[in-house]
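# Per-entry structural report
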Amino acid sequence: MTGTEPKKKGFLSRWLGTSEPAPSEEPASTAHTTPAPASEEIAPAAPPETVEPIQAEATASPATPEEAAELDATAESQSAAPDDLAPEPSAPAPTEPARKGWFERLKSGLSKTSTRLTESITGLVTKRKLDQDTLDELEEVLLAADLGIETSERITAAIAKGRFEKTIAANEVREILAEEVARVLEPVAKPLVIDETRKPHVVLVLGVNGSGKTTTIGKLSAKLSREGRRVMLAAGDTFRAAAIDQLKVWGERTGVPVLARDVGSDASGLAFDAIKQAQEGGYDVLLVDTAGRLQNKEGLMAELEKVVRVMRKVDATAPHDVLLVLDATTGQNAMQQVEVFRERAGVTGLVMTKLDGTARGGILVAISARHGLPVHAIGVGEGVDDLQSFSAKDYARAIAEI
């Protein structure tokens, strides 16, 4: 996550459905303080207090006896007015809506992809027979949704089977779409498994700037801590003071220790020391943050390879998991990231974040079809509980708007 990432909505703002961001604290510029980062909120924001306006007293001069008598008469006539002229009591404030369930939030997060898909499908198959031209147009729609060539061909073949030159309903096409997408995703829907025999189980977390990498580490640490595991964090993004501070805040909020150094420190040396300290402290899991880097920057990728080599001087089997965090809004660029990071750093699993309504969620299907990497979790918001285990069936139903 970059330091220039826009503020995200607080819990209350998301709950009420308003687009106005909740106020948040700005992180300090030094690496030795731990203010709350602007992009993160765990505790729900408190609603602002209502302040009654203060009315100024009248400063007019006293009324004459005649004016006073006229005012008294007016007051008596108003007090004698019938009840139906009295002001109506104010209506009670509406109750706040319940927080959406996980699947509803997932559907909302994939709405950009699903709406375009379903509208295009409906327009293509309504009052038309399923001929070759229609199938070709359907395939173009699927490709435009970033589902990939393999999956798009698979879906159109399933639609055509036994239905060629016949009419077909849009709902039937959507059902087939959901079934075929689920078939692609089911083999990769695997939770992150912690090896109890390793002390610690080392997880190296990668991602380009702004992908939500540091936030994902904080959420994972909260989840693993709730499971009763002893977790330690290493602030390996030594390029940015904000990233170091942000990880420290997550450590404080989740009760997890954080090993951090000054900005500009050697990231591989920090990773080395983190594994040593986690071993000596008997920690179950060590989550290591890394600097956000573009997949086409050779120098940064070489430094990442050095981090892995140095880790193996302490534990020849480390890192035990290499997670790549992908931003769902980047579309085809996410495919390129998987290809390069897998080759250079041995990526073992994926986490997809920012499924927030602007996501191009079809790309996860294309990545899964081509690479077959485990998808451990997806995120639909900035809350600590908005990172959930990946469900192939739910994801497929959300894409097809079922």
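Quick caveat: nothing in here was measured; it's all calculated off a predicted structure.

## Focus: the side chain of Asp327
When you line up the elements, Asp327 lands in strand E5 (residues 321-327). Under the relative-accessibility criterion, Asp327 is labelled buried at 12%. Every residue in contact with Asp327, bar those within four places of it in the chain, is listed here: Gly210, Ser211, Thr353 and Lys354.

## Let's talk about unusual backbone geometry
Looking along the chain, the bond that leaves Lys199 and enters Pro200 is cis, with omega of 5 degrees. In this structure, Pro200 sits in the loop between helix H7 (170-185) and strand E1 (201-206). Ala318 connects to Pro319 through a cis peptide bond whose omega is -10 degrees. Its identity is not glycine, yet Asp146 carries a phi of approximately 65 degrees, on the positive side.

## Points about the environment of Thr197
Along the chain, Thr197 falls in the loop between H7 and E1. According to the relative accessible area criterion, Thr197 is exposed, its value standing at 69%. Thr197 sits 87 residues away from Asp284 along the chain, and the two C-alpha atoms are 9.0 Å apart. Polar contacts involving the side chain of Thr197 include one to the side chain of Asp195, which spans 2.6 Å.

## Regarding helix H3 (residues 102-109)
Turning to H3, its buried residues are Trp102, Phe103, Arg105, Leu106 and Gly109. With its buried residues spanning 160 degrees around the axis, H3 presents them on a single face.

## A look at the side chain of His320
Counting through the fold element by element, His320 comes out in the loop between helix H11 (298-314) and E5. Judged by relative accessible area, His320 falls into the buried class, the value being 14%. Polar contacts involving the side chain of His320 include one to the main-chain amide nitrogen of Val202, which spans 2.8 Å. Setting aside anything within four residues of it in sequence, one finds His320 in contact with Arg198, Pro200, His201, Val202 and Asp315.

## What to know about the environment of Val384
Mapped onto the secondary structure, Val384 falls in the loop between strand E7 (375-379) and strand E8 (387-389). Under the relative-accessibility criterion, Val384 is labelled buried at 17%. C-alpha separation for the pair Val384 and Trp250, spaced 134 residues apart in sequence, amounts to 10.0 Å.

## Here we look at H11
Helix length check: H11, at 17 residues, gives a terminal C-alpha distance of 26 Å against a target of 24 Å (1.5 Å per residue), a fit within 8%. Of the positions making up H11, those classed as buried are Met301, Leu304, Val307, Val308, Val310, Met311 and Val314. Turning to H11, the residues buried within the fold contact E1, helix H10 (267-281), strand E4 (285-288) and helix H12 (332-345).

## Quick word on the pattern of salt bridges
For the structure on display, the rule yields 18 salt bridges. The salt bridge partner of Arg229 is Glu196, with a shortest N-O separation of 2.6 Å. Highlighted residues: Arg229 in the loop between helix H8 (213-226) and strand E2 (231-234) and Glu196 in the loop between H7 and E1, separated in sequence by 33 residues. Here Asp284 and Lys199 are joined by a salt bridge, their closest N and O atoms 2.2 Å apart. Here Asp284 is found in the loop between H10 and E4, whereas its partner Lys199 is found in the loop between H7 and E1, with 85 residues between them in sequence. A residue is classified by how much of its surface remains accessible, and Asp284, at 13% relative accessible area, is buried. Taken together, the shared-partner salt bridges in this structure form one network comprising Glu196, Lys223, Glu227 and Arg229.

## A word on the pairing of E7
Where burial is concerned, most of E7 is hidden: 5 out of the 5 residues are buried. Pairing of strand E6 (residues 349-353) with E7 involves 3 bridges; the strand directions are parallel. Paired with Leu350 across the strands is Val375, a residue of E7.

## Description of the sheet that holds E5
In space, the 8 strands of this open sheet follow the order E3-E2-E4-E1-E5-E6-E7-E8, with mixed pairing throughout. Strands at the two margins of the open sheet, each flanked by one partner only, are strand E3 (258-259) and E8. As paired strands, E2 and E4 are joined by 4 bridges and run parallel to one another. Residue Val231 lies in a different strand from E4, and its bridge partner there is Val285. Running over the sheet, H11 touches E1 and E4 and is turned about 175 degrees from E1.

Conventions adopted
Residues numbered from 1 in each chain as written. Predicted model: local features only at pLDDT ≥ 70, side-chain atom pairs only at ≥ 80, totals over all residues. Heavy atoms only, no water. Helix = DSSP H or I, 4+ residues; strand = E, 2+ residues; numbered from the N terminus. Buried < 20%, exposed > 50% of the residue type's maximum accessible area, 1.4 Å probe, protein only. Contact = heavy atoms within 4.5 Å. Polar contact = N/O pair within 3.5 Å; in protein donor to acceptor, adjacent residues only side chain to side chain. Arc of directions from axis to C-beta. Expected span 1.5 Å × (residues − 1). Salt bridge = Lys/Arg side-chain N within 4 Å of Asp/Glu carboxyl O. Pairing = 2+ DSSP bridges. Axes fitted to C-alpha atoms, helices over the stretch in contact; angles between N-to-C directions.

In short, shape yes, function no, at least from these values alone.
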